[in-house]
Amino acid sequence: MEEMMCYIPENLEEALAIMDERDAMPLAGGSDLMVSGANGTGVNPTFSRPVVIISNLPELKGIKVREDGWTEIGALSTSREIAECELVHPLVRKAASQMGAVALRNSATIGGNIANASPKGDTPQPLILLDAEVVLKSVRGERRMKVDDFIIAAKKTKIERGEIISSVLIPPSTLTHCYFRKIGMRRANAISKLTISIGAEVRDGKVVDFRASSGAAGPKVIRSHEAEAILIGKTLSELPLYKEEFLDAWNNAISPRAMPEYRRGATRRMLSFFIDEISSGREEGIIE
């Protein structure tokens, strides 16, 4: 059996040095990597590169609101920790609370969920709607980019050799109305068949901001700024007049082969429901 090289650094600086020198890949919760490298019960997993265990690194843990108002989520924050933290935006908390089963939420990390770049991943979808960013660190320094730019396609990201996601940054949100829905085969331990997040900022009867994002809708999370622009600036009384135009534009933004008709229909109904709710003067908060 081929020997697997595994390193357990004491701090982030040591971890980055090992990753740079050995072209090693980080492993924390392992909810995706352990499955992809599995060889069967009782047999060690196989990985193409050396592994760095990062689950004990304090520099990658914790959730806080920074002085500039951005919420910083350490890459090792688990789905359970995020779901239970009131500092995190409700859309991200909703997504984290519905990820897999309880055991999975206790181990899966937000950094791993983003780095895995699955179009069915639970947390990237609301993060993209919120214009969240990833912070990437290596021995060469640090860089930031939007999650939407970081994920290129299914299982493909802009991460470079020796880099690690150290944290996720969510800008202050002024959205007054939000909606999140995950559709799976069952309530627990389900891979998403479809997810959607929708948000709007309504001030003095006018839509100041409108956003929507769909997961499991193509090679990456779908968000159409062109479709969103159709509703931005409209009064609540005007929304019904522009709803069909928006829904058609959103449908056209989805890859023709990405979704069967039932998924397209479900997406259209959920978007329509949200628009109807806010146009009727629904009070601020999470729309269930």
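Residues numbered from 1 in each chain as written. Predicted model: local features only at pLDDT ≥ 70, side-chain atom pairs only at ≥ 80, totals over all residues. Heavy atoms only, no water.

As for the sheet that holds strand S7 (residues 141-146)
Part 1 of the reasoning: If you trace the five strands from one edge of the open sheet to the other, you get S4-S5-S10-S6-S7, paired in antiparallel fashion. Two strands close off the open sheet at either side, each with one partner strand: strand S4 (63-65) and S7. Averaged over all pairs of adjacent strands, the angle between strand axes in this sheet comes to 20°, irrespective of strand direction.
Part 2 of the reasoning: Pairing of strand S6 (residues 133-138) with strand S10 (residues 164-170), which is carried by five bridges, proceeds in the antiparallel orientation. Counted as the bridge partner of Lys-137 is Ile-164 from S10. (Pairing = 2+ DSSP bridges. Helix = DSSP H or I, 4+ residues; strand = E, 2+ residues; numbered from the N terminus. Axes fitted to C-alpha atoms, helices over the stretch in contact; angles between N-to-C directions.)

Some remarks on empty space enclosed by the protein
Empty space among the atoms can be located by rolling a probe the size of a water molecule over them.
Part 1 of the reasoning: Inspection of the entire model under this criterion finds one cavity of 30 Å³ or more.
Part 2 of the reasoning: Reported here for the largest cavity is a volume of approximately 50 Å³.
Part 3 of the reasoning: Lining the largest cavity, in full, are Asn-113, Ala-117, Ser-118, Pro-119, Pro-124, Ile-128, Ile-151, Lys-220 and Val-221. (1 Å grid on protein atoms, 1.4 Å probe; cavity = no way out; pocket = protein on both sides within 12 Å on 5 of 7 lines; lining within 4 Å. Points joined across faces, edges and corners; volume = space filled by probe spheres on them.)

Comments concerning the sheet that holds strand S2 (residues 25-27)
Strand-to-strand pairing in sheets goes through backbone hydrogen bonds, with the strands running parallel or antiparallel.
Part 1 of the reasoning: One open sheet accounts for three strands, arranged S1-S3-S2; its pairing is parallel. Of all the strands in the sheet, just strand S1 (6-7) and S2 have a single pairing partner and so form its edges.
Part 2 of the reasoning: Alignment of S1 against strand S3 (residues 51-53), held across two bridges, turns out to be parallel. Looking at the pairing, Cys-6 lines up with Val-51 of S3.
Part 3 of the reasoning: Running at roughly 175° to S3, helix H1 (residues 12-22) makes contact with S1, S2 and S3 of the sheet. (Contact = heavy atoms within 4.5 Å.)

Examining unusual backbone geometry
Part 1 of the reasoning: In this model, Ala-117 sits at a positive phi of 55°, which is unusual for a non-glycine residue.
Part 2 of the reasoning: Relative to the elements of secondary structure, Ala-117 occurs in the loop between helix H6 (110-115) and helix H7 (124-129).
Part 3 of the reasoning: With a relative accessible area of 1%, Ala-117 lands in the buried category.
Part 4 of the reasoning: A positive phi angle, near 60°, is found at Asp-131, a position not held by glycine. (Buried < 20%, exposed > 50% of the residue type's maximum accessible area, 1.4 Å probe, protein only.)

Re the pattern of salt bridges
Part 1 of the reasoning: Across all of its chains, the model carries 24 salt bridges by this definition.
Part 2 of the reasoning: Arg-211 is paired through a salt bridge with Asp-131; the nearest N and O atoms lie 3.4 Å apart. One end of the pair, Arg-211, is in strand S13 (residues 206-215); the other, Asp-131, is in the loop between H7 and S6, with 80 residues separating them in the sequence.
Part 3 of the reasoning: Owing to a relative accessible area of 16%, Arg-211 belongs among the buried residues under this scheme.
Part 4 of the reasoning: A single network of salt bridges, built from pairs that share partners, joins Asp-131, Lys-146, Asp-209, Arg-211, Arg-223 and Glu-228. (Salt bridge = Lys/Arg side-chain N within 4 Å of Asp/Glu carboxyl O.)

Comments concerning the environment of Ile-183
Part 1 of the reasoning: With respect to the secondary-structure elements, Ile-183 resides in strand S11 (residues 177-183).
Part 2 of the reasoning: In this structure, the C-alpha to C-alpha distance between Ile-183 and Leu-194, residues 11 residues apart in sequence, is 5.1 Å.

A short note on the nonpolar core
Part 1 of the reasoning: Counting 31 residues, the largest nonpolar core has Ile-114, Leu-127, Val-134, Val-147 and Phe-150 as its most contacted members.
Part 2 of the reasoning: Put simply, the parts of the chain that give this core at least two residues each are helix H3 (79-84), helix H4 (90-97), H6, H7, S6, helix H8 (147-150), S10 and S11.
Part 3 of the reasoning: With four residues, H4 is the largest single contributor of residues to this core.
Part 4 of the reasoning: With residues up to four places along the chain from it excluded, the contact list for Val-147 reads Ile-114, Leu-127, Ile-128, Ala-132, Glu-133 and Val-134.
Part 5 of the reasoning: Membership of the second largest hydrophobic core comes to 27 residues, among which are Leu-231, Leu-236, Leu-247 and Met-270. (Core = buried A, V, L, I, M, F, W, Y, C linked by side-chain atoms within 4.5 Å.)

Concerning the packing of aromatic side chains
Part 1 of the reasoning: Applying the stated criterion to the full structure yields four aromatic pairs.
Part 2 of the reasoning: Taken together, a centroid distance of 5.9 Å and an interplanar angle of 65° make the contact between Phe-210 and Phe-274 edge-to-face. Here Phe-274 lies in helix H11 (residues 261-279) and Phe-210 lies in strand S13, a separation of 64 residues in the sequence.
Part 3 of the reasoning: Counting every residue linked through ring pairs, the aromatic cluster contains Phe-210, Phe-246, Trp-250 and Phe-274.
Part 4 of the reasoning: In this arrangement the basic side chain of Arg-144 is found over the ring face of Trp-70, its NZ or CZ atom lying 5.2 Å from the centre.
Part 5 of the reasoning: Lying over the aromatic face of Tyr-242, Lys-234 brings its terminal NZ or CZ to 4.6 Å of the ring centre. (Phe/Tyr/Trp six-rings, centres within 6.5 Å; stacked < 30°, edge-to-face > 60°. Lys NZ or Arg CZ within 6 Å of the ring centre and 35° of its normal.)

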